[in-house]
Structures are given as structure tokens and as C-alpha cells.
Amino acid sequence: MSPLSSLPRVAAVTLAAALIAGGAVSASPALAATDDVTWTVRTASNSLGAERTNYSYTLNPGAHLDDALVIANRGTENLELDVYASDGYTTSTGALDLRVAGEQSVGVGAWVTVPQRHVRVAAGQSVEVPFAVDVPQNATPGDYAGGVVTSLTVADASANVNVDRRLGIRTAIRVGGDLAPALAVDDLRVDWDGGVIPFLVGDATVHYRLHNAGNVALSAEESDAVSGPFDLARVDADPTEAAPTLLPGESWQRDVRVPAVAAMGVLVASVAATPVVTDAAGTITTLDPVAASALGWAVPWPLLLLVVLAVAAAVFGPRLLRERGRRRREAEDARVAAAVERTLAEQGRERELVD
């Protein structure tokens, strides 16, 4: 992909994330996050409900229903908008975003059909755009997320690119059947950092990945701990931010800092994650927690070096002192012997002179 083509894509994804999230939590129509967007979207009032904040359906495989989206032009100029559906996914920030137009969808984006893919909305007017939901006969049970999107592509002359401005409404479909919520804690490990001068205490970091291994959207409540063998010097810690709602198959990386962990050589990191499931009515259910543990190392190498040096001094120090004393005595004996020999030699020469 060329740089020029990638820029509009980035802008579109960012805009959609903010607007769809807003539409999901407020009864108000989805509003623009920028003054450049002059239209709003909301759910239609019909037999499925009035003043709905988003689309939420519970359907069996093979089911069909009709619904609609209302687009209101708040501006002073006519609007030409594209309307389509696409699959959703959780971004690295924990927000729900949507696939851009043209990207392949396999769930909501493939099952929601908008017959009127292009709509003209006169200034100050509203239009209702119908769409249909058809769940395939072979759809597997579980949760699917996406959105119905309105899109306006405009040229940004200053940047020489086209910008895709999008407004949409979150669409959730739960396909009936055997629902099996499941959460896994994968790739658990722990690192210990004693800082620049590590001796007895340092910070540990517990790394793991929350994985939605079931077919139901869920979040998790976690508690983490680091200890030595036999739960010695245990330190508890929790993630600073809550895990987002993960769609089936999605994962969320955790890196939890645990301060003031003693350097006990071997560390035991443990994680207890409780799956939290929220149904379409907003009822929250917690499931049995999932536990995992892993071993790591916390070795105070500078302290060990000092201990080794102390032991070496205790073992070899006296021996070195004795050796130095022996050599000093030998040197002194040699010096005395040489002096005696010189003295005897001088006495011998004097005796020869007298004779």
C-alpha cells in the first residue's frame, strides 16, 4: 500500500472508533467528533424498539429480520453518503473499531445487507435507510460484533489525500445454540529487575495474555501475585486498568508491575482471572476464576559476588597469611645465614694476615 492510500485509512479508523463507542453508551444519536462531520445517525423506531442506543439481536441460524438506520443532515449542504456494514474488532487501546470498506467481513459485515448502498441526504433533512440481517444456516453459536456505517470521502487538499469520515452504530448479534464462555491465561512469565544496584528487593513484572477461548464476548477481573517458594514474601498487585470486552478469539496482553519483591532466587508468579459476561439485557455474570502460575528468577548477582568474595577471603586468607609469614621467615633466615657467612669469612682473612 502506498503512503497516500494508507493515510485516509488511518483517519477513517480513528474517527469510527470514537463515534461508535459514543453511540453505544448514549441514547442520543451518534454525533461527530469533529466539526467537519455534519450528520448524525441513530436507530430507527420500529417494532424492534424505540430510542435504542445500538443494534443488539439474538437470532438463531437461518433467521432473518429487517431494521433501519436514520441519517440526519445537520449541515447546510446536501450530503452524499455510502452506507455499509462491517465486522468489528478490539483495538490495542481496548476500543471497538470497524473494518474499513473493502475489507473482508465474515460476521456482522457479511450478514447485514444494506440495499441502498449510497444515499443522498438533503440539508436539514433526515432519511431512513433499511437493512436486513440474515444469519446463515451454518453460523456457529456465539457473539459477533460490528456496525452499520455511514461514510463520506472528502479530499484534503492541504495533505493531498482523501479522508474517509465515518459515523456508525454498534451492531451485536448473538447466534443461538450452545454458548460456551471460556477464558484462558496464556504465555505467563515473570521478570525481576533489581535496578542499577540490585541487592535484596526489586520490582517484578508479570506478563501474560488474556485469551477469549470461547464463543461469548467477555471481560475479566484479575488479581496477580509474586512470591517465593512456599508462598514466601508474597506481594499482591492488580492491573491498573480493567480489561476490555474481548470478542471470541481475541486476546489482550497484560504487563503488571509488582513493586518491592524480595530477591529470593526463585519467584512464583500467579494469576487469577475471573471471566465477566454481560448479556444483551445488561445482566453481569461472573464465572469460575481461571488460575495460572509460572516460575522465574530473582537473583541478586552483586550480593552473590560479595558473598563469594567473603567466603574466598575466609578460606584462602589465613593460608595466604601463613604463606607470607613462611616466606618472610625464610628470607630472614637466609639473610642471617649470609651475614654469618660473611662474618666468618672476614675472621678467616684477619687470621691469615696475623699468621
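Cut-offs applied
- Residues numbered from 1 in each chain as written.
- Predicted model: local features only at pLDDT ≥ 70, side-chain atom pairs only at ≥ 80, totals over all residues.
- Heavy atoms only, no water.
- Core = buried A, V, L, I, M, F, W, Y, C linked by side-chain atoms within 4.5 Å.
- Buried < 20%, exposed > 50% of the residue type's maximum accessible area, 1.4 Å probe, protein only.
- Contact = heavy atoms within 4.5 Å.
- Helix = DSSP H or I, 4+ residues; strand = E, 2+ residues; numbered from the N terminus.
- Polar contact = N/O pair within 3.5 Å; in protein donor to acceptor, adjacent residues only side chain to side chain.
- UniProt positions renumbered as here; feature names shortened; annotations may be inferred.
- 1 Å grid on protein atoms, 1.4 Å probe; cavity = no way out; pocket = protein on both sides within 12 Å on 5 of 7 lines; lining within 4 Å.
- Points joined across faces, edges and corners; volume = space filled by probe spheres on them.
- Nonpolar A, V, L, I, M, F, W, Y, C, P; charged D, E, K, R; others polar.
- Pairing = 2+ DSSP bridges.
- Phe/Tyr/Trp six-rings, centres within 6.5 Å; stacked < 30°, edge-to-face > 60°.
- Patch = residues over 30% accessible without salt bridge, like charges linked within 9 Å, V, L, I, M, F, W, Y side chains within 5 Å.
- Areas by Shrake-Rupley, 256 points an atom, 1.4 Å probe, with all protein chains shown as cover.
- Salt bridge = Lys/Arg side-chain N within 4 Å of Asp/Glu carboxyl O.

Remarks on the nonpolar core
Counting 32 residues, the largest nonpolar core has W39, L69, I71, F131, V133 and I173 as its most contacted members. Residue contacts for F131: discarding those within four places in its chain leaves Y55, Y57, L65, D66, D67, A68, L69, V112, T113, V114, P115 and V148.

Some remarks on unusual backbone geometry
In most cases, non-glycine residues show a negative phi, while peptide bonds are predominantly trans. With phi around 60 degrees, F230 is a residue other than glycine that occupies positive phi space. Along the chain, F230 turns up in the loop between β13 (219–227) and β14 (235–237). Positive phi values are uncommon outside glycine, yet A260 reaches one of about 55 degrees.

Observations regarding the environment of T43
Within the secondary structure layout, T43 lies in strand β1 (residues 39–43). Taking the C-alpha atoms as reference points, T43 and I169, separated by 126 residues in sequence, lie 7.8 Å from one another. The residues contacting T43, other than those within four sequence positions of it, are E51, R52, N54, Y55, A68, V70 and I169. A polar contact of 3.0 Å, which involves the side chain of T43, links it to the backbone oxygen of R52.

Focus: the UniProt feature "transmembrane region" (unreviewed entry) in the protein chain
Per the UniProt annotation, the sites labelled "transmembrane region" (unreviewed entry) are residues 301–321. Between the C-alpha atoms that bound residues 301–321 the distance is 29 Å, and the span itself is 100% helix and 0% strand.

Let's talk about the environment of Y84
Structurally, Y84 can be placed in strand β4 (residues 79–90). Separated by 32 residues in the primary sequence, Y84 and Q116 place their C-alpha atoms 8.8 Å from one another. Every residue in contact with Y84, bar those within four places of it in the chain, is listed here: R99, V100, A101, V114, R117, G147, V148, V149, S151, D164 and R166.

Details of the layout of surface pockets
Within this model, the largest pocket holds a volume of roughly 890 Å³. What lines the largest pocket is a set of 34 residues, among which R170, A172, A217, T245 and T278 lie closest to the centre. With four residues, the single largest contributor to the lining of the largest pocket is strand β10 (residues 161–175). Residue composition of the lining of the largest pocket, by class: 20 nonpolar, nine polar and five charged. Space inside the second largest pocket adds up to approximately 260 Å³. For the second largest pocket, the lining is made up of 14 residues, of which G88, D143, Y144, L247 and P248 are closest to its centre. For the lining of the second largest pocket, the secondary-structure elements that each account for two or more residues are β4 and β9 (142–156). Top element by residues in the lining of the second largest pocket is β9. It accounts for four residues.

Brief notes about the pairing of strand β12 (residues 201–212)
Judged from the nine bridges that link them, strand β11 (residues 183–193) and β12 form a sheet pairing that is antiparallel. In the sheet register, L183 faces β12, and the bridge partner there is N212. Both β12 and strand β15 (residues 251–262) contribute to a ladder of 10 bridges, which runs antiparallel. Residue pairing for β15: L210 is matched across the bridge by W252.

With respect to the sheet that holds strand β3 (residues 64–73)
Strand order in this open sheet of four strands is β1-β3-β8-β6, and the pairing throughout is antiparallel. Only two strands of the sheet have a single neighbouring strand rather than two, namely β1 and β6 (112–113). Note that β6 and strand β8 (residues 126–134) share two bridges and pair antiparallel. Directly across from V112, in β8, lies its bridge partner V133.

Details of the side chain of D67
As for its position among the elements, D67 is in strand β3. Taking the relative accessible area as the measure of exposure, D67 reaches 4% and is therefore buried. A distance of 2.9 Å separates polar atoms of two side chains, one belonging to D67 and the other to N46. A polar contact is formed between the side chain of D67 and the side chain of Y57, at a distance of 2.7 Å.

Notes on the packing of aromatic side chains
Summed over the entire model, instances satisfying the criterion amount to three aromatic pairs. With 5.1 Å between their ring centres and 85 degrees between their planes, Y55 and F131 make a pair best called edge-to-face. With a gap of 76 residues between them, Y55 in strand β2 (residues 55–59) and F131 in strand β8 connect regions that are remote in the sequence. Given the relative accessible area of 0%, Y55 is considered buried.

Here's the deal with a nonpolar patch on the surface
On the surface, V307, V311, V315, F316 and L320 cluster together to form a nonpolar patch covering roughly 450 Å² of accessible area. Tracing the backbone shows V311 in helix α3 (residues 301–354).

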